[in-house]
Amino acid sequence: SITFGVRKKHKGYLGMDLKVLFCNTDAGIITKATRILEKMGIIPHIQEKVSQPGKIWLKPDKTAIYLNLHKQAHIYRLLIQLEPHLAGEKKYRAKLVIQLLEKRIKRVNSHSRSKGDSRYDTEDWWLLREMYRSRGRNAPKELEDRIPRDYTPDNAATLKIESEL
């Protein structure tokens, strides 16, 4: 799944958290997925979760194994390869993330030696709001406040139409 969120950073700034998660209870499948990702130059973070009392799991006697991708470059590399094989809302969500990451990659990270600008702009916030909407969720108020009421980027209609094909 492609997960995302808004987090408050120091001094009142907002940040975005993007993740790609693979989850399965079969260690063989996770091992194979890990090998494929490693061949792509992507090193996932692996963690196990055991069912907890009071939580409903489909297989409560099994341990869930997660592959987490947090690094934006790794998420981008994976989604570029996967996106042509996805359909519907997953494809739309992948396109939104790809577009967001392409914009971020074009701007040099402000923590790099070249001191480029990596601040989020209105289109970045709009893309994140669309990701929330694609999952049937409302965006947090802090995010909504960053987007002018009548704002829509030029390519918004194209993204939505392509996801419906």
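These numbers come from a predicted model, not from an experiment. (Residues numbered from 1 in each chain as written. Predicted model: local features only at pLDDT ≥ 70, side-chain atom pairs only at ≥ 80, totals over all residues. Heavy atoms only, no water.)

**Student:** I'd love a proper account of the confidence of the model for the chain, names of residues and values included.
**Tutor:** This prediction gives the chain a mean pLDDT of 80; 77% of its residues lie at or above 70. Within the chain, the lowest mean pLDDT, 55, falls on helix 6 (residues 156-163), and the highest, 93, falls on helix 1 (residues 27-39). (pLDDT = per-residue confidence, 0-100. Helix = DSSP H or I, 4+ residues; strand = E, 2+ residues; numbered from the N terminus.)

**Student:** Tell me about the side chain of K91, residues and numbers included.
**Tutor:** For K91, the position within the fold is in helix 3 (residues 88-106). Side-chain polar atoms of K91 contact the side chain of E83, separated by 3.1 Å. Beyond its immediate stretch of four places on either side in the chain, K91 contacts E83, P84 and L86. (Polar contact = N/O pair within 3.5 Å; in protein donor to acceptor, adjacent residues only side chain to side chain. Contact = heavy atoms within 4.5 Å.)

**Student:** Just give me the short version of the nonpolar core, but keep the residues and values in it.
**Tutor:** Ranked by size, the top nonpolar core spans 30 residues in total, and within it I75 and V97 carry the most contacts. The set of elements that each furnish at least two residues to this core consists of strand 2 (14-24), helix 1, strand 4 (63-69), helix 2 (72-82), helix 3 and helix 4 (122-134). Among the elements that take part in this core, helix 3 stands out by supplying seven residues, more than any other. Apart from the residues within four sequence positions on either side, V97 is in contact with I2, L18, I75, L79 and M131. (Core = buried A, V, L, I, M, F, W, Y, C linked by side-chain atoms within 4.5 Å. Buried < 20%, exposed > 50% of the residue type's maximum accessible area, 1.4 Å probe, protein only.)

**Student:** How would you explain the environment of R104 if you had to name every residue and give the values?
**Tutor:** Here R104 shows up in helix 3. The exposure class assigned to R104 is buried, which follows from its relative accessible area of 14%. Remark: the alpha-carbon pair of R104 and Q72, spanning 32 residues in sequence, is separated by 9.1 Å.

**Student:** Quick one: what's the story with helix 4, residue by residue and with numbers?
**Tutor:** Three- or four-residue spacings in an α-helix give side chains the same orientation, since the helix completes a turn every 3.6 residues. The terminal C-alpha atoms of helix 4, which comprises 13 residues, lie 18 Å apart, in line with the 18 Å expected from a rise of 1.5 Å per residue. Within helix 4, eleven of the 13 residues are buried, leaving the element largely enclosed by the surrounding structure. Looking one or two residues past helix 4, G136 carries a phi angle of roughly 75 degrees, positive in sign. (Expected span 1.5 Å × (residues − 1).)

**Student:** Outline the pattern of salt bridges, listing residues and values.
**Tutor:** Applying the stated criterion to the full structure yields seven salt bridges. Among the ionic pairs, E83 bridges to K91, the shortest N-O distance being 3.1 Å. Take K91: its relative accessible area is 14%, and that puts it in the buried class. Residue E83 is joined to K95 by a salt bridge in which the shortest nitrogen-to-oxygen separation is 3.4 Å. Of the two residues, E83 is situated in the loop between helix 2 and helix 3 and K95 in helix 3; the sequence distance between them amounts to twelve residues. Put simply, E83, K91 and K95 are held in one network by salt bridges that share partners. (Salt bridge = Lys/Arg side-chain N within 4 Å of Asp/Glu carboxyl O.)

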